[in-house]
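Here's the letter readout for the chains.
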Amino acid sequence: MIRAEWWLWRRLAWRQAAALLLAIALAAGTVAWRTVATIRSLDDVALQSQARLVADQLSASPDGRPVLYMPPSLAAAFATSDGESLYMVFDGANRVLLASNPAAEALLAPYLPPPPQTGLFRVPPSERYPAGLLGALITAGPNGPLGAHPWRVVVAQAQEQQEALLASLLREFLVSTLWFLLPIGALTVLVGVLTTRHGLRPLRDASAAAARIGPQQAGMRLPETGLPGELAPLVGAMNGALARLERALDAQRRFVGEAAHALRTPLAVLTARIDALPKDSAPDTAAALGQDADRLARLVAQMLTMARLEELPLDVSGPVDLAEVAVEAISARALLAIRAGVELVLTRPDSPPAWQGNRDALVLALGNLIDNALTHAPRGTVVEVVVRPPARLSVLDRGPGVPEAERATIFTRFGRGRGAPAGGAGLGLAIVARIAAAHGGSARVEPREGGGAAFVIDLAAPAIMPAG
Amino acid sequence: MRLLVIEDEPNLAALVRAALDRAGFAVDHAAGLAEADACLRMAAYDALVLDLGLGDGCGLTLLRRLRARHDGVPVLILTARDAPEDRVGGLDTGADDYVIKPFHMDELVSRIRALLRRPNAALGVRLSLGTVVLDTVTRTTQVGSEPLGLSARETALLELLLRRAGRVVPREALDQGLYGMDSPATPNAMEVLVHRLRKRLQDAGADVAIHTLRGVGYLLAAAE
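Residues numbered from 1 in each chain as written. Chains lettered and ligands numbered in written order. Predicted model: local features only at pLDDT ≥ 70, side-chain atom pairs only at ≥ 80, totals over all residues.

Draft legend 1. Geometry of the overall build of chain A. Scanning chain A from terminus to terminus reveals 10 helices and 14 strands. Buried residues in chain A amount to 26% of all 468 residues. Considering only intrachain contacts with a sequence separation of at least 6, the fraction spanning at least 24 residues in chain A is 63%. (Helix = DSSP H or I, 4+ residues; strand = E, 2+ residues; numbered from the N terminus. Buried ≥ 20, exposed ≤ 12 C-beta atoms within 10 Å, placed from the backbone. Contact = placed C-beta atoms within 7 Å.)

Draft legend 2. Summary view of the overall build of chain B. A count of helical and extended segments in chain B gives 8 helices and 14 strands. Expressed as a percentage of its 224 residues, the buried residues of chain B come to 30%. Here the analysis covers contacts within chain B between residues at least 6 apart in sequence; of these, 55% occur between residues at least 24 apart.

Draft legend 3. Local environment of the interface of chain A and chain B. If you look at the interface, chain A gives 30 residues, while chain B gives 30 residues. At the level of elements, helix H5 (232-275), helix H6 (283-311), helix H7 (322-332), helix H8 (334-340) and strand E9 (343-347) of chain A are the ones that each hand at least two residues to the side of chain A that touches chain B. Examining the composition of the side of chain A that touches chain B, we find that 12 residues originate from one element, H5 of chain A, more than from any other. A breakdown of the residues in the side of chain A that touches chain B according to their chemical character gives 17 nonpolar, 6 polar and 7 charged. (Nonpolar A, V, L, I, M, F, W, Y, C, P; charged D, E, K, R; others polar.)

Draft legend 4. Structural detail: helix H3 (residues 59-68) of chain B. All names here are of chain B. Among the residues of H3, those classed as buried are Gly59, Leu62 and Leu63. Summarising the axial view, the buried residues of H3 lie within an arc of 100°, below the 170-degree limit, and thus occupy one face. Across H3 from its buried face, at more than 90 degrees, point the exposed residues Arg64 and Ala68. Just downstream of H3 lies His70, where phi reads positive at about 60°. (Arc of directions from axis to C-beta.)

Draft legend 5. Fine view of the nonpolar core. Judged by nonpolar contacts, the single largest core of 69 residues is most densely connected at Ala326, Ile330, Ala365, Leu366 and Val432 of chain A. Among all residues touching Val432 of chain A, those that are not within four sequence positions of it are Ala365, Asn368, Leu369, Phe411, Ala443 and Ile457 of chain A. Counting 43 residues, the second largest nonpolar core, distinct from the first, contains Leu267 and Ala293 of chain A together with Leu62 and Ile77 of chain B. (Core = buried A, V, L, I, M, F, W, Y, C linked by C-beta atoms within 7 Å.)

Draft legend 6. Spatial organisation of the environment of Ala329 of chain A. All names here are of chain A. Here Ala329 shows up in helix H7. Residue classification places Ala329 among the buried residues on the basis of 25 C-beta atoms within 10 Å. Taking C-alpha positions, Ala329 is 5.3 Å from Val363, a pair spaced 34 residues apart along the chain.

Draft legend 7. Local environment of the sheet that holds strand E6 (residues 75-79) of chain B. All names here are of chain B. Spatially, the 5 strands line up as an open sheet ordered E2-E1-E3-E6-E7, and their pairing is parallel. Since the sheet does not close on itself, it has two edges, and those belong to strand E2 (26-30) and strand E7 (97-100), each with one partner. For this sheet, the mean inter-axis angle between neighbouring strands, taken without regard to orientation, is 20°. Pairing of strand E3 (residues 47-50) with E6, which is carried by 3 bridges, proceeds in the parallel orientation. Along E6, the bridge assignment pairs Val49 with Leu76. Those strands touched by helix H5 (residues 105-117) are strand E1 (2-6), E3, E6 and E7, and its axis lies near 175° from that of E7. (Pairing = 2+ DSSP bridges. Axes fitted to C-alpha atoms, helices over the stretch in contact; angles between N-to-C directions.)

Draft legend 8. Just the pairing of E2 of chain B, in detail. The pairing of E1 of chain B with E2 of chain B spans 5 bridges and is classified as parallel. Looking at the pairing, Leu3 of chain B lines up with Val27 of chain B of E2 of chain B.

Draft legend 9. The pairing of strand E13 (residues 208-213) of chain B, seen in detail. Residue and element names in this part refer to chain B. Two strands pair when backbone bridges link them, and E13 and strand E14 (residues 217-222) are joined in this way by 6 bridges, in the antiparallel orientation. When the sheet's bridge partners are listed, Ala209 is paired in E14 with Ala221. Taking the residues that link successive antiparallel strands as the turn, the E13-E14 hairpin has 3 residues, and the phi of Gly215 there is positive, at about 85°.

Put into structure tokens, the structure is as follows:
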């Protein structure tokens, strides 16, 4: 199974969630910015009207100096503001005529717009006013009772901390909007994920169907109904490939089958003729002919097996009891062993090692190893077949063993060892190696302790361990 | 015993027919499915030797027809097809044995005899190998003409081995056949029983031997 690098539904969920958060942040930012701007312009208007209010209360004393008569409510506003609100009155030469607070003059003077300008101005933050001050300057009294003495009236107000204001604004915004934005967002993500998963269900079905297709079910096709348009071409192409594969496999299977028939039928006639030879005339010739025919039959059988193994995929997905494999392989050769005077012994674990594989192929492979051992084992010795968990089959003999130089080549096709008897075709061990490889495993030969050879088939761990 | 050999290769058919004749069977030959059907309508056979790749179709269709009408005649498939799936397919269809070409005549003859010995075959009350004879009805055993005088359990063991003579009988099969499901035998009990039977056969001069395949089971074979 291929490890998934990413999942469509997860990626979709993440992206939707990210997009949602971004939208919330953008909305909050816009609202905050607009609100701050509005508040500022409101501040400006308020300051200017305050300045107008102060200006309206000015009157001229006989010596031309301004006199401020503050109504109690206005006076109280400046008094209780704890220095947050200031006012000052200047003359045209920037001399201070009146001030709510003596310190205010020093504070504001450097930032006043020079005459004759009026309008708003800012005082940068200082220790006393961490957010600075906003001031409004107007002219007053050029006409009316004050004659030609224009005064300049300034009202200033400490700015609130912008950050605090923004924070409280955002808090307000988020609290009032998140409670419905979040559920809507979650719903969107959920709908997206469900749509993806539902939309991809045909793909999962197709994958499951594809997983069931083995060499024995080459005629199967992936379901083509209910597929979304995005997937239909892929599944269609897969099915096209499967059809081509099936035709190729069919042709190969037919060819191997026909070759088997074409080769075996004349061999059967030959063997039958030799068997029918009268036993009393030339018995040695008859026996030699019989052996030749047997050798030819063995060679044909091995070549056909090899052709099948190399040309056709082996279905190794079935459940296999390795102890049963050993029993079957040994049973088929029991008489042979008895005639050869060799004792065949099976050592198997108490609990049968259940594994995945091709039972017939494993019986054939182990059988080839036993045949090999029987041809090399001296009379009166023991050939031991050992089944060991998790999945090892070994055949141990007390024959001459395999020289180190031949241990690698002995499993190749026609790679006969020097000690091989004349009857062998040199394919038996190649078949063993091929079957082991088809199971994801390997075959090897080792010297056996105390003399002889130990042939070992190790089957690889299957993708799914069968229970038990 | 009457056999029908269904084989389309004329040389092989003649050779098989001659060999089975010599072995004491009455043999008819059919070269194809149609001919085989005609033979089956005219006579009752004790066993069929069936080739699969026939000129006018596959032998399996004949076998399927036989089994569909509950004809249990033993069928031995004789074929060049040796792929495992062919073999399984043949046995699943209802064949009793499967022999791959090329083959030796004596093997074919002994396999046919084994088929006829099977419990569901017409005969088989007398099981024998070499000079050893077991009557499955009277439960008596003989070596030559001498009664062997075996215990009931020894007789049961000999019967199980005789029924599969020349082939390995797995321990588990013997266990079940001798002791049943409910009283499991200790491994030792089986060994003692086999040892006793072996000694009695030997003492009686029987020309058969019980071979032990350690870890697998036992095999009864004619002595060489």
